Amino acid sequence: MNNPFADHGLFSWSELMTTDFDSSFSFYEQLFGWKLREVPGRGDSRYALIINESSSEPFAGILSMPKAFEGRGIPSHWQTYVTVDSVEKTIVKAQNLGAQIILEPMQIERVGTVAAIKDPQGAVISIVKYSR
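Just so you know, these numbers come straight off a predicted model, no measurement behind them. (Residues numbered from 1 in each chain as written. Predicted model: local features only at pLDDT ≥ 70, side-chain atom pairs only at ≥ 80, totals over all residues. Heavy atoms only, no water.)

**Student:** What exactly am I supposed to notice about the nonpolar core here?
**Tutor:** Nonpolar side chains in soluble globular proteins generally cluster together in the buried interior. Judged by nonpolar contacts, the single largest core of 13 residues is most densely connected at Trp 13, Tyr 47, Leu 49, Tyr 81, Val 114, Val 128 and Tyr 130. Taken together, the elements giving at least two residues each to this core come down to strand E1 (11-18), strand E3 (47-52) and strand E8 (124-130). Looking at which element gives the most residues to this core, the answer is E3, with three residues. Beyond its immediate stretch of four places on either side in the chain, Tyr 81 contacts Leu 10, Phe 11, Ser 12, Trp 13, Glu 15, Val 114, Ser 126, Ile 127 and Val 128. In this structure, Leu 36, Ile 50, Ala 60 and Ile 62 belong to the second largest nonpolar core, which totals ten residues. (Core = buried A, V, L, I, M, F, W, Y, C linked by side-chain atoms within 4.5 Å. Buried < 20%, exposed > 50% of the residue type's maximum accessible area, 1.4 Å probe, protein only. Helix = DSSP H or I, 4+ residues; strand = E, 2+ residues; numbered from the N terminus. Contact = heavy atoms within 4.5 Å.)

The structure is reproduced here in C-alpha cells:
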C-alpha cells in the first residue's frame, strides 16, 4: 500500500470492523457513494477497500468481525491508525504515559506491524509501522 500519510505521528488508515459485512458494505456505499472493492480477507474474515473516486486509491477498509472475537461483546466499530517509526518503542512510551496495551504487536501480511492501545482516558487507537 502506497500511503502518503505514512510518516510518524500521522493518521494513515481507518477501518470498520463489523458484525454484518454485507449490510455495512451496502450502507456506506449508498450513504457516501463510496466505491468498495472486496479483496481476499485473512482467515475467516472478509475485507473490502474503500476507494477514493477522484484518485482511485483506497483510503479505508471494511473488515468482517473475525470469529475469534465472537462472544466477547465487541460491537461494530471504526478503528483509526496512526503511523509510527517503531510499534515496540511506541508501546513502551505509551505505557510509561499510562496507556494500556489492548492488542499486542502483530504482523499483518502485506501491511506491517500493528498494535492497539487505550489511553489513560479510555480512548482506543491503533498504531502501525508499514512494511516497505
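That covers the picture; the talk isn't over yet.
**Student:** Would you mind showing me how to read the pattern of salt bridges here?
**Tutor:** Should the charged atoms of two oppositely charged side chains come close, the side chains can pair. A complete count under the given rule lists three salt bridges for this structure. A salt bridge links Asp 22 to Arg 46; the shortest N-O distance between them is 3.0 Å. With Asp 22 in helix H1 (residues 21-32) and Arg 46 in the loop between strand E2 (35-39) and E3, this residue pair connects regions lying 24 residues apart in the sequence. Residue Arg 46 is classed as partly exposed on the basis of its relative accessible area, which comes to 31%. Among the salt bridges present, the one from Arg 46 reaches Glu 38, with a minimum N-O distance of 2.9 Å. What makes Glu 38 partly exposed here is its relative accessible area of 40%. A single network of salt bridges, built from pairs that share partners, joins Asp 22, Glu 38 and Arg 46. (Salt bridge = Lys/Arg side-chain N within 4 Å of Asp/Glu carboxyl O.)

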